[in-house]
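Listed below are the residues making up each chain.
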Amino acid sequence: MRVAEINRVTNETDVQLWLDLDGDGKESEIKTGIGFFDHMLDQIVRHTNFDVDLHAHGDLEVDEHHTVEDVAIVLGTAVLKALGDKRGISRYGCELLPMDDVQAKVAIDFSGRPDFIWQCPFSRQYIGTFPTEMVEHFFKSFSDAAQCNLHMQVSEGNTHHQAEALFKGFAHAVRQAVRRYYWSDELPSTKGSL
């Protein structure tokens, strides 16, 4: 079973996450106290088919930064842990996702070497009350914690659509990359380790 449970408690946040990579995306509960962020995390769950139980309590009286960052760290750490030795996985995933007036491109490689490329020109600083700079910070923090390459690009357009297309494209790319080939025990690397 590719399951992980991570609890992260700091002076700024308390994040508890249970994750099953081989779920159906229907047995999930997400509560961070940030409405738009919960909506985006729901997109990840729905489009990866992961089962997730996520509860985060952060210093929202300060701002969203610590909660978004620590949720990303916990999610990345959980995915890395659930992947185990990575034998039999696809390793790579990519998605070209249209959403109304915008198009997102996402590519991911669970290589064990974090790198993050971001080419996303948001036209507004906020989506409702959610700072758009937190979208980039979420994905960068995930990439670092999951030890993966993550390349993200989105065209100009409606800012809500840009963010949602990135989250959905990310989810589809992750779903491809963590896919397990049950007929193979091979490590997807010529180096012999990931």
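Whatever comes next refers back to the structure up there.
Reading guide: rules and limits
- Within any chain, residue numbers begin from 1 and follow the written order of that chain's sequence.
- Thresholds applied to this predicted model are a pLDDT of at least 70 for local features of residues and 80 or more for the giving and counting of side-chain atom pairs; totals over whole chains, interfaces and linings are not thresholded and use all residues.
- The basis for the side-chain values is all heavy atoms of the structure; hydrogens and waters are excluded.
- Strands are runs of DSSP state E lasting at least 2 residues, helices are runs of H or I lasting at least 4, and numbering of each runs from the N terminus.
- In this description the radius of gyration comes from C-alpha coordinates, and the expected globular size is given by 2.2 Å times residues to the power 0.38.
- Partly exposed residues are those whose accessible area sits between 20% and 50% of the maximum for their type, while under 20% is buried and over 50% is exposed, using a 1.4 Å probe and protein chains only.
- Counting rule for charge: Lys and Arg are taken as positive, Asp and Glu as negative, and neither His nor the chain ends is counted.
- Every charge is mapped onto a representative atom, which is NZ of Lys, CZ of Arg, CG of Asp or CD of Glu.
- Given a helix with a known number of residues, its expected span is that number minus one, times 1.5 Å.
- Note on aromatic pairs: the rings of Phe, Tyr and Trp (six-membered ring only in Trp) are paired at centre separations within 6.5 Å, and the planes decide the class, stacked below 30 degrees, edge-to-face beyond 60, tilted for the rest.
- For this analysis, a nonpolar core means a set of buried residues of the types Ala, Val, Leu, Ile, Met, Phe, Trp, Tyr and Cys, connected via side-chain atoms within 4.5 Å.
- Throughout, a contact is declared for two residues whenever any of their heavy atoms are within 4.5 Å.
- Counted as a polar contact is a pair of N or O atoms within 3.5 Å, where, for protein atoms, one must be capable of donating a hydrogen and the other of accepting one, and residues adjacent in sequence contribute only when both atoms are in side chains.
- Every case where a carboxyl oxygen of Asp or Glu lies within 4 Å of a side-chain nitrogen of Lys or Arg is listed as a salt bridge.
- Working convention: axes come from line fits to C-alpha atoms, limited for helices to the stretch in contact. Angles between N-to-C directions cover 0 to 180 degrees.
- Angular relationships are summarised with four words: roughly parallel below 35 degrees, roughly antiparallel beyond 145, roughly perpendicular across 65 to 115, and oblique for the angles in between.
- In this scheme the handedness of a crossing depends on how the near helix is turned from the far one: anticlockwise by less than a right angle means left-handed, clockwise means right-handed.

Caption draft 1: Summary view of the overall build of the protein. When helices and strands are counted, the protein shows four helices and 10 strands. N-terminal to C-terminal, the α/β element order of the protein is β-β-β-α-β-α-β-β-β-β-β-α-β-α. Taking 16 Å as the expected radius of gyration for a compact globule of 194 residues, we find that the protein reaches 16 Å, a close match to that expectation. Along the longest, intermediate and shortest principal axes, the C-alpha atoms of the protein span 45 × 35 × 30 Å. Evaluated residue by residue, the protein yields a buried proportion of 52% over its 194 residues. Positive and negative side-chain charges in the protein, numbering 18 and 31 respectively, have mean positions lying 9 Å apart.

Caption draft 2: Focus on helix 2 (residues 65-83). Here helix 2 contains 19 residues, and its C-alpha end-to-end distance of 27 Å stays within 8% of the 27 Å for a straight helix at 1.5 Å per residue. Counted residue by residue, helix 2 has 15 buried out of 19 residues, so it is predominantly covered. Just beyond helix 2, the residue with positive phi is Gly84, at close to 60 degrees.

Caption draft 3: Up close: the packing of aromatic side chains. On inspection of all chains with the given rule, the structure shows 12 aromatic pairs. Each ring, one from Tyr181 and one from Trp183, has its centre 5.0 Å from the other, and the planes form 50 degrees; the classification is tilted. For Tyr181, a relative accessible area of 25% corresponds to the partly exposed category. Counting every residue linked through ring pairs, the aromatic cluster contains Phe36, Phe37, Phe116, Trp118, Phe122, Phe130, Phe138, Phe139, Phe142, Phe167 and Phe170.

Caption draft 4: View of the nonpolar core. Residues Ile108, Phe138, Phe139, Met152, Leu166 and Phe170 are the most contacted members of the largest nonpolar core, which totals 60 residues. Excluding its chain neighbours within four sequence positions, the residues that come into contact with Met152 are Lys105, Val106, Phe116, Ile117, Trp118, Gln119, Cys120, Phe139, Leu166 and Phe170.

Caption draft 5: Here's a closer look at the side chain of Thr132. Checked against the element boundaries, Thr132 lands in the loop between strand 9 (130-131) and helix 3 (133-146). A polar contact is formed between the side chain of Thr132 and the backbone oxygen of Arg124, at a distance of 3.0 Å. Aside from chain neighbours lying at most four places away, what touches Thr132 is Phe122, Arg124, Gln125, Tyr126, Ile127 and Thr159.

Caption draft 6: Fine view of the pattern of salt bridges. Counted according to the given criterion, the structure contains six salt bridges. Note that Arg8 and Asp70 form a salt bridge whose closest N and O atoms lie 3.4 Å from each other. One end of the pair, Arg8, is in strand 1 (residues 3-9); the other, Asp70, is in helix 2, and 62 residues separate them in sequence. Residue class for Arg8 comes out partly exposed when judged on its relative accessible area of 29%.

Caption draft 7: Expanded view of the packing of helix 2 against helix 3. Close contact between helix 2 and helix 3 brings their axes to 7 Å; oriented N to C, the two are set at 30 degrees. What the angle tells us is that helix 2 and helix 3 run roughly parallel. Considering the relative orientation of helix 2 and helix 3, their crossing is right-handed. Counted together, His65, Val68, Glu69, Val71, Ala72, Ile73, Leu75, Gly76, Thr77, Val79 and Leu80 of helix 2 and Met134, His137, Phe138, Ser141, Phe142, Ala145 and Ala146 of helix 3 form the full contact between these two elements.

Caption draft 8: Fine view of helix 3. Between its first and last C-alpha atoms helix 3 spans 20 Å; for 14 residues at 1.5 Å apiece the expected length is 20 Å, and the two agree. With respect to burial, helix 3 is a largely interior element, 10 of its 14 residues being buried. All buried positions along helix 3 are accounted for by Met134, Val135, His137, Phe138, Phe139, Ser141, Phe142, Ser143, Ala145 and Ala146. One or two residues past the end of helix 3 sits Gln147, with phi positive at roughly 55 degrees.

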